[in-house]
Amino acid sequence: MRACRVILIACGLVAGCAEERRVISVSGGLQSISGSVGGERGESQAAAPKRSGPGENPWERIVAPMDTLREAGQPVDGRPLRRTLDDGSIHLICHTPRQLLVHLFETLRDGEMGLLEAQVLSDRLKEEYRALGRPESDVARWLLDNRKDIFETLSNLPGGEMTPGTYLETIARNTFRLTVPNARELGLRFSSLEFTIERGGFRLLLIS
């Protein structure tokens, strides 16, 4: 039953396929590191766009032009959001929050810690860990240790930000929060994810 639920998470995601003090964990998570400052960097200032219509996601036309590698390399069979570059490395297409959730799920499921650290996690989050004298690899390790609860949250976001009933808000420059509806009633440990636009794509900033 668990395996079936995990497969449904992946299929659902792919098919859907001002300065502010932030709270990100002194005790080892992405929930309580104090002092993270958001909203001062990014290629452009973006606000959450209005939905254009069923199946449409206007993020693509806002973020895609920032991605200098979006047309490079070769598509990976069965992985439409991945490209294999000439040097053999993988480039993750991450132009929408939904695509970020796809990559978060897949890298955690497959134990791809290198890709997770380099292209899923935000530089801002990793800088917070380094500022505390902690290796940035602790972030990926925490996510891996808590992936069961993360997968439960993602299972309630099958279409990412396009999931009916979800609440997407702009909380700082290039920084957004996506909240699962009725998370408490559903018994979820994590109810929201925050992400930011960096290096031509969306990157994970916080899970809480």
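Report on the accompanying structure. (Residues numbered from 1 in each chain as written. Predicted model: local features only at pLDDT ≥ 70, side-chain atom pairs only at ≥ 80, totals over all residues. Heavy atoms only, no water.)

Brief notes about helix H7 (residues 147–154)
Because the α-helix completes a turn every 3.6 residues, residues three or four places apart line up on one side.
Here comes step 1: Turning to H7, its buried residues number three or more, namely Ile150, Phe151, Thr153 and Leu154. For H7, the arc enclosing every buried residue in end-on projection is 160 degrees, short of the 170-degree limit, so these residues lie on one face. (Buried < 20%, exposed > 50% of the residue type's maximum accessible area, 1.4 Å probe, protein only. Helix = DSSP H or I, 4+ residues; strand = E, 2+ residues; numbered from the N terminus. Arc of directions from axis to C-beta.)

Looking at the sheet that holds strand S3 (residues 74–76)
Here comes step 1: Spatial strand order, S3-S4-S5: three strands in an open sheet with antiparallel pairing. Each end of this open sheet is capped by a strand with a single partner; those strands are S3 and strand S5 (90–92). Going across the sheet, the axis of each strand differs from the next one's by a mean of 45 degrees, ignoring polarity.
Here comes step 2: The pairing of S3 with strand S4 (residues 79–84) spans three bridges and is classified as antiparallel. Considered in S4, the bridge of Pro75 is made with Arg83.
Here comes step 3: Along the sheet, helix H3 (residues 97–109) contacts S4 and S5; its crossing angle with S4, the most-contacted strand, is approximately 70 degrees.
Here comes step 4: Across the sheet, helix H4 (residues 113–120) lies against S4 and S5, angled at about 50 degrees from S5, the strand it touches most. (Pairing = 2+ DSSP bridges. Axes fitted to C-alpha atoms, helices over the stretch in contact; angles between N-to-C directions. Contact = heavy atoms within 4.5 Å.)

Comments concerning the side chain of Asn146
Here comes step 1: Considering the arrangement of structural elements, one finds Asn146 in the loop between helix H6 (137–145) and H7.
Here comes step 2: Among all residues touching Asn146, those that are not within four sequence positions of it are Arg189 and Phe190.

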